[in-house]
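# Architecture at a glance
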Amino acid sequence: MPEDVSVAASGFVLAGGQSSRMGENKALLMLGGEPLVKRGLRKLKGLCFEVAIAGGSEELKPFGRVVLDQKAGCGPLGGIVAALEQSSFAWNLFLPVDAPFVPVSILETLLRMAAGFDGVCVMPRVQGRMEPLCAVYSKRCLPVLRQELDAGRWKVTMAIEAAGSMRFLDLEDGTLFANLNTPEEFAEAERQLNVLDS
């Protein structure tokens, strides 16, 4: 159980998607001696009172509780909605499985910014670009997100903007949120591991 946390929260590794460009399940790729999904869960366990895998497949069950998408093929919004519906906490921290270089310090800052905030989301913003998949979501946004999902409007940024007010952590270094989508990107991540890792 985490100590000295600023706000009690659930943590979810977003592990949905088809991994089509990678050619294999990204969540199971080994980086620094551990699967990406385990790496994400490890970061969240130090900050959150419960952790799970959102939007993942049954093959990820050995690593922890898996919250399956309610609707297949709806992108990350489906995983976020399913996770919020099953969460025991008002605030919920999400981390994409394919963004292994997000520092724990940033996740901790997002949670600290959520404490006492009456809006619906706290997220990083890099040079004006929002990072909605690495963010803290309040369960207060669930009705609107579910409505957007059911209506076929699956863009996460548009859904959360419709749900209420947000707070942003403005950053300059976009490499921290780089996604590993191809074998070439993964190979580069292996080369940069010792330089970028937190």
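## So, the packing of helix α4 (residues 142–150) against helix α5 (residues 156–163)
Two elements in contact, α4 and α5, have axes separated by 8 Å at closest approach and are oriented at 140 degrees. With respect to their mutual orientation, α4 and α5 come out oblique. Our pair here, α4 against α5, has a crossing hand that is right-handed. Side by side, α4 and α5 meet where Val144, Leu145 and Glu148 of the first sit next to Ala159, Ile160, Ala162 and Ala163 of the second. A breakdown of the residues in the contact of α4 with α5 according to their chemical character gives six nonpolar, no polar and one charged.

## Some thoughts on the confidence of the model for the chain
Mean pLDDT over the chain works out to 88, with 89% of the residues at or above the 70 mark. Considering each helix and strand of the chain separately, the mean pLDDT is smallest for helix α6 (residues 183–196), with a value of 66, and largest for strand β9 (residues 136–138), with 98.

## Details of empty space enclosed by the protein
This model, assessed by the stated rule, comprises one cavity of 30 Å³ or more. In this model, the largest cavity occupies a volume close to 50 Å³. Residue lining of the largest cavity: Leu36, Arg39, Gly40, Lys43, Leu95, Pro96, Val97, Ala99 and Pro100, and that is the complete set. Of all the secondary structure elements, the ones that give two or more residues to the lining of the largest cavity are α1 (36–45) and β6 (91–96). A class-by-class count of the residues in the lining of the largest cavity yields six nonpolar, one polar and two charged.

## Details of unusual backbone geometry
Phi is positive for Gln127, which is not a glycine, with a value near 50 degrees. Within the secondary structure, Gln127 sits in the loop between β7 (121–126) and β8 (129–130).

## Regarding helix α2 (residues 76–86)
Among the eleven residues that make up α2, eight are buried, leaving the element largely enclosed by the rest of the structure. When α2 is considered as a whole, its buried residues turn out to be Leu77, Gly78, Gly79, Ile80, Val81, Ala82, Ala83 and Leu84.

## Quick word on the packing of α2 against α4
Between α2 and α4, the least distance of the axes is 10 Å, while the angle of their chain directions is 140 degrees. Relative to α4, the element α2 lies oblique. In the crossing of α2 with α4, the sense of the turn from one axis to the other is left-handed. Along the contact surface, α2 presents Leu77, Gly78, Ile80, Val81, Leu84 and Glu85, while α4 presents Leu142, Leu145, Arg146, Glu148 and Leu149. The residue makeup of the contact of α2 with α4, split by class, is seven nonpolar, one polar and three charged.

## What to know about the pairing of β6
Burial runs high along β6: six of the six residues are buried. Alternating residues of β6 divide into Trp91, Leu93 and Leu95 and Asn92, Phe94 and Pro96, and every residue in both groups is buried. By the bridge criterion, six bridges tie strand β1 (residues 9–14) to β6 in an arrangement that is parallel. Residue Ala9 lies in a different strand from β6, and its bridge partner there is Trp91. The pairing of β6 with β9 spans three bridges and is classified as antiparallel. From the neighbouring strand, Trp91 faces β9, where its bridge partner is Ser138.

## Overview of the packing of aromatic side chains
Counting across every chain of the model gives four aromatic pairs. Ring centres of Trp91 and Phe117 lie 6.5 Å apart, and the angle between their planes is 20 degrees; on these two criteria the pair is classed as stacked. Within this pair, whereas Trp91 is found in strand β6, its partner Phe117 is found in the loop between α3 (104–114) and β7, the two being separated by 26 residues in sequence. One aromatic cluster is present, formed by Phe12, Phe94 and Tyr137 through successive ring pairs. When the ring centre of Phe168 is taken as origin, the NZ or CZ atom of Arg125, which lies over that ring, is 4.0 Å away.

## Considerations on the pattern of salt bridges
Following the criterion strictly, the structure yields eight salt bridges and no others. With a closest N to O distance of 2.7 Å, Lys26 and Asp98 form a salt bridge. Placement of the pair is Lys26 in the loop between β1 and β2 (30–31) and Asp98 in the loop between β6 and α3, with a sequence separation of 72 residues. Asp98 sits in the buried class, given a relative accessible area of 10%. For Glu131, the salt bridge identified is with Arg129, shortest N-O distance 2.7 Å.

Thresholds applied
Residues numbered from 1 in each chain as written. Predicted model: local features only at pLDDT ≥ 70, side-chain atom pairs only at ≥ 80, totals over all residues. Heavy atoms only, no water. Axes fitted to C-alpha atoms, helices over the stretch in contact; angles between N-to-C directions. Helix = DSSP H or I, 4+ residues; strand = E, 2+ residues; numbered from the N terminus. Parallel < 35°, antiparallel > 145°, perpendicular 65-115°, else oblique. Left-handed = near helix turned anticlockwise from the far one by under 90°. Contact = heavy atoms within 4.5 Å. Nonpolar A, V, L, I, M, F, W, Y, C, P; charged D, E, K, R; others polar. pLDDT = per-residue confidence, 0-100. 1 Å grid on protein atoms, 1.4 Å probe; cavity = no way out; pocket = protein on both sides within 12 Å on 5 of 7 lines; lining within 4 Å. Points joined across faces, edges and corners; volume = space filled by probe spheres on them. Buried < 20%, exposed > 50% of the residue type's maximum accessible area, 1.4 Å probe, protein only. Pairing = 2+ DSSP bridges. Phe/Tyr/Trp six-rings, centres within 6.5 Å; stacked < 30°, edge-to-face > 60°. Lys NZ or Arg CZ within 6 Å of the ring centre and 35° of its normal. Salt bridge = Lys/Arg side-chain N within 4 Å of Asp/Glu carboxyl O.

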